[in-house]
Amino acid sequence: RVERYARVERYLADEVLPWIRDVARVSDVAAVGCSYGAMVAANLFLKRGDVVRLGAGFGGVYGLWHRLDGHHDEDVYFHTPLEYLPGLEDRAILDVLRANRGFDLYAAADDPWAPHTDRIGRLLAVKRITHANRVWPSPADHHERWWRRQWRDFLGRRFGAAAP
């Protein structure tokens, strides 16, 4: 499973991001995702900060553990932001990330994955990487109805616009 994820991440970084930049005629893009997709967005933001200058995660699951039946190796480590971010010390990489627009974290108070959002927010703070933590109060859970509202909030805060 982690090997398949690594392939997807390489495809996004090596083919999709350049294609988006070419078609849109922009130098940088945003990566946004919900649940597991929030981890993908975070990985692209953290690993390709030269291109992905803004990101957001809604109801983020920032690790692979729950999908791997106890399997853990170096590949899992390097594709799990909650694992590799504490050890990220490369000044050049951190300088690029610190100069970016940031990564917005959204969680719902009743989302079982909310502790992941809180933890990655603390790690971003320690690394001095711009971020925002927004928690939807109870009742709110790990569901697309909340992610749609969070998406609208993200667009409004970052671009002064709302999604339909």
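Rules used throughout
- Residues numbered from 1 in each chain as written.
- Predicted model: local features only at pLDDT ≥ 70, side-chain atom pairs only at ≥ 80, totals over all residues.
- Heavy atoms only, no water.
- Pairing = 2+ DSSP bridges.
- Helix = DSSP H or I, 4+ residues; strand = E, 2+ residues; numbered from the N terminus.
- Right-handed = clockwise from strand over helix to strand, strands pointing away.
- Buried < 20%, exposed > 50% of the residue type's maximum accessible area, 1.4 Å probe, protein only.
- Contact = heavy atoms within 4.5 Å.
- Axes fitted to C-alpha atoms, helices over the stretch in contact; angles between N-to-C directions.
- Phe/Tyr/Trp six-rings, centres within 6.5 Å; stacked < 30°, edge-to-face > 60°.
- Patch = residues over 30% accessible without salt bridge, like charges linked within 9 Å, V, L, I, M, F, W, Y side chains within 5 Å.
- Areas by Shrake-Rupley, 256 points an atom, 1.4 Å probe, with all protein chains shown as cover.
- Salt bridge = Lys/Arg side-chain N within 4 Å of Asp/Glu carboxyl O.
- Parallel < 35°, antiparallel > 145°, perpendicular 65-115°, else oblique.
- Left-handed = near helix turned anticlockwise from the far one by under 90°.
- Nonpolar A, V, L, I, M, F, W, Y, C, P; charged D, E, K, R; others polar.

Novice: Can you lay out the pairing of strand β4 (residues 131-136) for me, pointing to particular residues and giving the numbers?
Specialist: Judged from the 6 bridges that link them, strand β3 (residues 102-108) and β4 form a sheet pairing that is parallel. Looking at the pairing, D104 lines up with A132 of β4. What joins β3 to β4 is helix α6 (residues 114-126), and the crossover it makes is right-handed.

Novice: Any details on the environment of A30? Residues and values, ideally.
Specialist: If you trace the backbone, A30 turns up in strand β1 (residues 29-34). A30 sits in the partly exposed class, given a relative accessible area of 42%. Setting aside anything within four residues of it in sequence, one finds A30 in contact with V52 and L54.

Novice: Please give an account of the environment of E144 that cites residues and values.
Specialist: Examined against the element boundaries, E144 turns out to sit in helix α7 (residues 144-159). Spatially, the C-alpha atom of E144 lies 9.1 Å from that of F58, the residues being 86 residues apart in sequence.

Novice: Tell me about the sheet that holds strand β2 (residues 52-58), and please be specific about residues and values.
Specialist: Read from one edge of the open sheet, 4 strands run β1-β2-β3-β4, paired in parallel fashion. Among the strands making up the open sheet, the edge pair consists of β1 and β4. Across the sheet, the axes of successive neighbouring strands diverge by a mean angle of 10 degrees, strand direction being ignored.

Novice: Which residues make up unusual backbone geometry, and what values go with them?
Specialist: Note the cis peptide between S138 and P139, where omega equals -10 degrees. Within the element layout of this structure, P139 appears in the loop between β4 and α7. The phi torsion at R128 lies on the positive side, around 60 degrees, for a residue other than glycine. Its location among the elements puts R128 in the loop between α6 and β4.

Novice: Report on the packing of aromatic side chains, specifying residues and quantitative values.
Specialist: Within a pair of aromatic rings, the relevant descriptors are the distance that separates the centres and the angle that separates the planes. Throughout the structure, instances matching the rule amount to 9 aromatic pairs. An angle of 85 degrees between the planes, with centres 6.3 Å apart, marks the rings of F58 and W151 as edge-to-face. In this pair, F58 is assigned in strand β2 and W151 in helix α7, connecting sequence segments 93 residues apart. W151 gets classed as partly exposed once you look at its relative accessible area, which sits at 33%. An aromatic cluster of at least three residues, connected via ring pairs, comprises F58, Y106, W136, W151, F154 and F159.

Novice: Account for a nonpolar patch on the surface, with residues named and values stated.
Specialist: Nonpolar side chains collect at one region of the surface, where W19, I20 and V23 lie side by side and expose about 310 Å² of accessible area between them. Checked against the element boundaries, W19 lands in helix α1 (residues 2-24). Assessed through its relative accessible area of 55%, W19 is described here as exposed.

Novice: Help me get a handle on the packing of α1 against helix α2 (residues 36-47), residues and values and all.
Specialist: Where α1 meets α2, the axes come as close as 11 Å, and the angle between the chain directions of the two elements is 55 degrees. Accordingly, the angle class assigned to the pair α1 and α2 is oblique. Handedness of the crossing formed by α1 with α2: right-handed. From α1, Y5, E9, L12, A13 and L17 reach across to α2, where they touch Y36, M39, V40, N43, L44 and K47. Taken together, the residues of the contact of α1 with α2 break down into 8 nonpolar, 1 polar and 2 charged.

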